[in-house]
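Listed here are the chains, written in short residue letters.
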Amino acid sequence: MRALVTGGAGFIGSHIGARLCAAGIDVVAFDDLSTGKRENLAGIDARLVVGDVRDRAALGAAMAGCDLVFHEAAVVSVPKSVEDPQLSHDVNIQGTLNVLLEARARGVKRVVFAGSAAIYGEEPTLPKHEGMLPAPISPYGVEKITGELYLKAWPKLYGVETVTLRYFNVFGPRQDPSSPYSGVISIFVQRALSGAPITVFGDGLQTRDFVFVGDVAEANYLAGTVPGVSGATFNVARGEQTTLVELLAMLGRIVGRDLSPTFAEARGGDIRYSIADVSAARAALGWTAQVGVEDGLRKLVDWFATIQR
Ligand code: NAD
Ligand code: UD1
């Protein structure tokens, strides 16, 4: 069996590649290296094709002979999509359509899509469950729900199986902390370890449902291989919410010092509370997250220590 992982040199994509290799699947990573890195694939037996999902011909060539596609390539930052919605539209909507068009043309069996909790947006109900109406408040959220809707149409129209995984806030080794657009945990851990100042946007009482990347890779493996789930959408999260203030307290315990942040204005497009109902993935995929937030933070701190040596 062969799989294409778009965004395969990125944070989550490289962990999916590792999980697929461990299952004996041939992996092709397709990535423009805009935020991904070759080093992320070190020790993973994947072939890297450097290319852009907006380039349909290059994408199709990389997909030749693939049974499965895991579509991770995207402009992943909410504030970046607010700043440059044309760019995120082109990559996140046209890029996803290109993946689906090529999957149809190349006879791919199943496409698994990296959806997002950002599609729930301002809908106040907690926990978020898959049956709720989407209410995105950022271009990124609009783009992710558009991708999902395209995926929903594909099985009946063109016979390509599809599954969307709505990731909540993923963290772990290989998440790049180096840009202001990076995931909050990667930024906080790097700053906690280097002694650099930490900024919290807003009052720090916003919540996120943080899930460890190894668990997300397992959810992808199952979404690609479990029969009878085509057309479905699943939340991928722990089903627990943590405020940024609580997160900093946990991290402070791990690094052994008090982490007092500076507070700045809340970011545009930011959602306030986020926690998932995770029962659908448990029932249909037999998946539940295994790594707790504090344990995952400890693993991440250990990993930072190994790369800084
Ligand atoms: P990442 O930035 O590490 O991965 C994205 C990868 O896509 C990178 O390797 C990047 O180089 C590549 N890429 C970007 N634009 C591309 C293009 N035009 N053509 C080809 N490759 C391109 O981020 P990540 O956190 O690993 O995100 C992976 C996926 O998961 C994304 O679709 C993201 O929207 C989604 N997601 C992430 C989270 C999270 O908390 N990290 C949560 C929900 C959804
Ligand atoms: C993240 C993902 C997005 C995903 C969504 C799903 C990244 C970069 N973004 O968006 O792809 O679809 O989860 O829920 O992985 N913050 C600070 N200080 C900082 C950085 C961030 O206070 O230095 C705050 C933000 O304002 C926000 C929270 O931390 O309130 C989380 O931010 P971030 O990690 O960027 O994630 P989301 O915007 O939730």
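See above for the structure.
Residues numbered from 1 in each chain as written. Chains lettered and ligands numbered in written order. Predicted model: local features only at pLDDT ≥ 70, side-chain atom pairs only at ≥ 80, totals over all residues. Heavy atoms only, no water.

**Some thoughts on the overall build of the chain**
The secondary structure content of the chain amounts to ten helices and 13 strands. Relative to the 2.2 N^0.38 estimate, which gives 19 Å for 309 residues, the radius of gyration of the chain is 18 Å and therefore close to what a compact globule would have. Counting across all 309 residues of the chain, residues that qualify as buried make up 51%. By element, 52% of the accessible surface of the chain is carried by carbon and sulfur atoms, the whole surface being about 12,900 Å². (Helix = DSSP H or I, 4+ residues; strand = E, 2+ residues; numbered from the N terminus. Rg over C-alpha atoms; globule rule 2.2 N^0.38 Å. Buried < 20%, exposed > 50% of the residue type's maximum accessible area, 1.4 Å probe, protein only. Areas by Shrake-Rupley, 256 points an atom, 1.4 Å probe, with all protein chains shown as cover.)

**Observations regarding the packing of aromatic side chains**
Aromatic ring pairs are described here by two measures, namely the spacing of the ring centres and the angle between the planes. In this structure the tally under the stated criterion is six aromatic pairs. A ring pair is formed by phenylalanine 171 and phenylalanine 212, whose centres lie 5.5 Å apart and whose planes are at 75 degrees; its orientation type is edge-to-face. Here phenylalanine 171, found in strand S7 (residues 169-171), pairs with phenylalanine 212, found in strand S10 (residues 210-212); they are 41 residues apart in sequence, far enough to count as distant. A centroid spacing of 5.3 Å and a plane angle of 70 degrees characterise the contact between tryptophan 303 and phenylalanine 304, whose relative ring orientation is edge-to-face. Its relative accessible area of 22% is what places tryptophan 303 among the partly exposed residues. Aromatic ring contacts, followed pair by pair, group Tyr150, Trp154 and Tyr158 into a single cluster. A cation sits over an aromatic face here: arginine 19 above tyrosine 221, 4.0 Å from the ring centre. (Phe/Tyr/Trp six-rings, centres within 6.5 Å; stacked < 30°, edge-to-face > 60°. Lys NZ or Arg CZ within 6 Å of the ring centre and 35° of its normal.)

**Concerning the site of ligand 1**
Taken together, 29 residues sit near ligand 1, with Ile12, Asp31, Thr35, Glu72 and Tyr140 positioned nearest. The contact in question runs from an oxygen atom of ligand 1 to an N or O atom on the backbone of glycine 10, over 3.1 Å. Within the backbone of valine 53, a nitrogen or oxygen atom sits 2.9 Å from a nitrogen atom of ligand 1. Protein contact buries 92% of the 820 Å² of open area that ligand 1 shows by itself. Within the residue set of the shell around ligand 1, elements represented by two or more residues are helix H1 (11-22), strand S5 (110-116), helix H5 (139-158) and S7. Of the residues contributing to the shell around ligand 1, the split by class is 14 nonpolar, ten polar and five charged. (Near = heavy atom within 4 Å. Polar contact = N/O pair within 3.5 Å; in protein donor to acceptor, adjacent residues only side chain to side chain. Nonpolar A, V, L, I, M, F, W, Y, C, P; charged D, E, K, R; others polar.)

**Here's the deal with the site of ligand 2**
If you check the shell around ligand 2, you find 23 residues, and the closest are Val76, Ser116, Tyr140, Val184 and Asp270. Notes on ligand 2: free accessible area 740 Å², of which the protein chains cover 92%. At the level of secondary structure, the elements contributing two or more residues to the shell around ligand 2 comprise helix H6 (184-194) and strand S8 (199-201). Residue classes in the shell around ligand 2 are distributed as 13 nonpolar, seven polar and three charged.

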